[in-house]
Amino acid sequence: MNPESKTVITNAIDFILKGVEVEDRETNSASSKWSTNADTGFDVLDRQIDTLSETLRIVEAQIQSRISQVKRRRNNLSPIHRLPNEILIEIFRNAATEPPASRSYYRRLGTLSCVCTRWASVIDQA
């Protein structure tokens, strides 16, 4: 694991744990003040669950975004990405062997456009 990833993960864990500590103090405080009202303790715990769930959702989204960036960078190193758009257009036209106005021609181009964002933009430009 590289240092950048470790820093992101460490910061996320620290953030989550700090939130848990604050919520634990609130829970203990609420349960000691209102020991006859159990709902108050549940409310605090429910807020804690909601906060942790939202934090997890945010961290997961950030991780997915970073994974996408790294994959995009890796894909850009592939030899096919060194080809000029004009060559790719010719390859795509040859791959879609049906007449250009047919439904299967557009279906094939649609399939090719799902390979990556570059291919999709090249097909859209063609």
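The structure under discussion appears in the preceding block.
Predicted model only: the values in this text are computed from it and were never measured.

**Remarks on helix 5 (residues 117–125)**
Part 1 of the argument: Among the residues of helix 5, Trp119, Ala120, Val122 and Ile123 are the ones counted as buried. Relative to the axis of helix 5, the buried residues are bounded by an arc of 165 degrees and lie together on one face. Exposed residues on helix 5 whose side chains face more than 90 degrees from its buried face are Thr117, Asp124 and Gln125.

**Remarks on the pattern of salt bridges**
Part 1 of the argument: As enumerated under the stated definition, the model contains 2 salt bridges in all.
Part 2 of the argument: For the salt bridge of glutamate 54 with arginine 57, the shortest nitrogen-to-oxygen distance reads 2.6 Å. Here the residue glutamate 54 and the residue arginine 57 both occupy positions in helix 2 (residues 38–76), the gap between them amounting to 3 residues, near one helical turn.
Part 3 of the argument: Judged by relative accessible area, glutamate 54 falls into the partly exposed class, the value being 36%.
Part 4 of the argument: A residue is classified by how much of its surface remains accessible, and arginine 57, at 46% relative accessible area, is partly exposed.

**Some details on the environment of isoleucine 89**
Part 1 of the argument: Mapped onto the elements of the fold, isoleucine 89 is located in helix 3 (residues 85–95).
Part 2 of the argument: Expressed as a C-alpha distance, the spacing of isoleucine 89 and glutamine 125, which sit 36 residues apart in the sequence, is 9.0 Å.
Part 3 of the argument: Not counting residues within four places of it along the chain, the set of residues in contact with isoleucine 89 comprises Val122 and Ala126.

**Some words on the packing of helix 4 (residues 103–113) against helix 5**
Part 1 of the argument: Contact pair helix 4 / helix 5: the axes reach a minimum separation of 8 Å and the direction vectors enclose 145 degrees. The segment helix 4 lies against helix 5, with Leu109, Leu112 and Ser113 engaging Trp119, Ala120 and Ile123.
Part 2 of the argument: Among the residues forming the contact of helix 4 with helix 5, the class breakdown is 5 nonpolar, 1 polar and no charged.

**Some points on helix 3**
Part 1 of the argument: Buried within helix 3 are the following residues: Leu88, Ile89 and Phe92. Each buried residue of helix 3 lies within a common arc of 105 degrees when the element is viewed along its axis, so the set occupies one face. Exposed residues lying more than 90 degrees from the buried face of helix 3 are Glu86 and Asn94.
Part 2 of the argument: Looking at the packing, one finds that the buried side of helix 3 touches helix 4 and helix 5.

Conventions and cut-offs
- Residues numbered from 1 in each chain as written.
- Predicted model: local features only at pLDDT ≥ 70, side-chain atom pairs only at ≥ 80, totals over all residues.
- Heavy atoms only, no water.
- Buried < 20%, exposed > 50% of the residue type's maximum accessible area, 1.4 Å probe, protein only.
- Helix = DSSP H or I, 4+ residues; strand = E, 2+ residues; numbered from the N terminus.
- Arc of directions from axis to C-beta.
- Salt bridge = Lys/Arg side-chain N within 4 Å of Asp/Glu carboxyl O.
- Contact = heavy atoms within 4.5 Å.
- Axes fitted to C-alpha atoms, helices over the stretch in contact; angles between N-to-C directions.
- Nonpolar A, V, L, I, M, F, W, Y, C, P; charged D, E, K, R; others polar.

Distances and angles like these do not, on their own, reveal function.
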